[in-house]
Every structure is written in C-alpha cells, then in structure tokens.
Amino acid sequence: QVQLVESGGGLVQAGGSRRLSCAASGRTFSSYTMGWFRQAPGKEREFVAGILWNGGNTYYADSVKGRFTISRDNGKNTVYLQMNSLKPEDTAVYYCTAKQWEMVVHTAPDTYDYWGQGTQVTVSS
C-alpha cells in the first residue's frame, strides 16, 4: 500500500508556471506507475499525464502536451508535474495517483488504486 500527498498548488497568472509534487510513502515506490489527473468544478476527472515505474515512458493528454512535463525521482519517492504556459482552463484540483506493477499508462481513473487528497491550481486571466 502507498499513501500519496500532493503539494505545490496555488494561484498563478496565465502564462506562468507551477510545479506540483507528490510524495509517496513506503519502500516500493519504484514499482508504481504514477499519474496526474485533474478535476474542474462540474466536470469529470480527466487524465493529465502518466509515467511508468521505471521513468522510461511518459504519456500526456493532448490538452497539456508540450506545456506539462511529468518526472519522477525514485530515490526521493516523489513524482513531479512541471506546468508551463498555464491557461485559465488548467484551473482544477490536481490529483496524484498510483498503480503497482503496471506496464502501461492508463488514462481511465478507475484503473488506478491509490489517490492523493488533491491540490488546487487556479490560473487567473
């Protein structure tokens, strides 16, 4: 089992940058494929980015491709989401998620086993 704690959210102006972090508990972090999802008010939770357990493969939603970068540091049990060129439509609660021993990055939220509490990102125009 793993516990996930997100941080780094806040208010940022359009065009700005923000880096989210997700710290995981436990000694088996390197065995988890990690993902970031987001949920805006009145909308369904949507996939943002994912990274395989070995960091070798990443996958992005079309809406963030070229602007967001997911990375992980297995030595620090942490996954990051670097968000650049932020837009007001990026405003949402961002969630970190994990699934152990997964060889592909899934985009459906119900395929993941563990979730953080979320961190709010608000982009002002």
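Refer to the preceding data block for the structure.
Residues numbered from 1 in each chain as written. Predicted model: local features only at pLDDT ≥ 70, side-chain atom pairs only at ≥ 80, totals over all residues. Heavy atoms only, no water.

Draft legend 1. Structural detail: the packing of aromatic side chains. Under the counting rule described, the total for this entry stands at seven aromatic pairs. Ring geometry for F37 versus Y112: centroids 5.5 Å apart, planes at 75 degrees, classification edge-to-face. Of this pair, F37 sits in strand β4 (residues 32-39) while Y112 sits in the loop between β9 (92-100) and β10 (114-115), and the two are 75 residues apart along the sequence. F37 sits in the buried class, given a relative accessible area of 0%. Its relative accessible area of 6% is what places Y112 among the buried residues. Taken together, a centroid distance of 5.9 Å and an interplanar angle of 40 degrees make the contact between F47 and Y59 tilted. One end of the pair, F47, is in strand β5 (residues 46-51); the other, Y59, is in strand β6 (residues 58-60), with twelve residues separating them in the sequence. On the basis of relative accessible area, F47 is assigned to the buried category, the value being 9%. When its relative accessible area of 44% is taken as the criterion, Y59 is described as partly exposed. Among the aromatic residues, ring-to-ring pairing joins F37, F47, Y59, Y95, Y112 and W115 into one connected group. A cation sits over an aromatic face here: R45 above Y95, 3.8 Å from the ring centre. If you follow R72 out to its NZ or CZ, it ends over the ring of F29, 4.5 Å from the centre. (Phe/Tyr/Trp six-rings, centres within 6.5 Å; stacked < 30°, edge-to-face > 60°. Helix = DSSP H or I, 4+ residues; strand = E, 2+ residues; numbered from the N terminus. Buried < 20%, exposed > 50% of the residue type's maximum accessible area, 1.4 Å probe, protein only. Lys NZ or Arg CZ within 6 Å of the ring centre and 35° of its normal.)

All quantities given are derived from atomic positions and should not be read as evidence of function.
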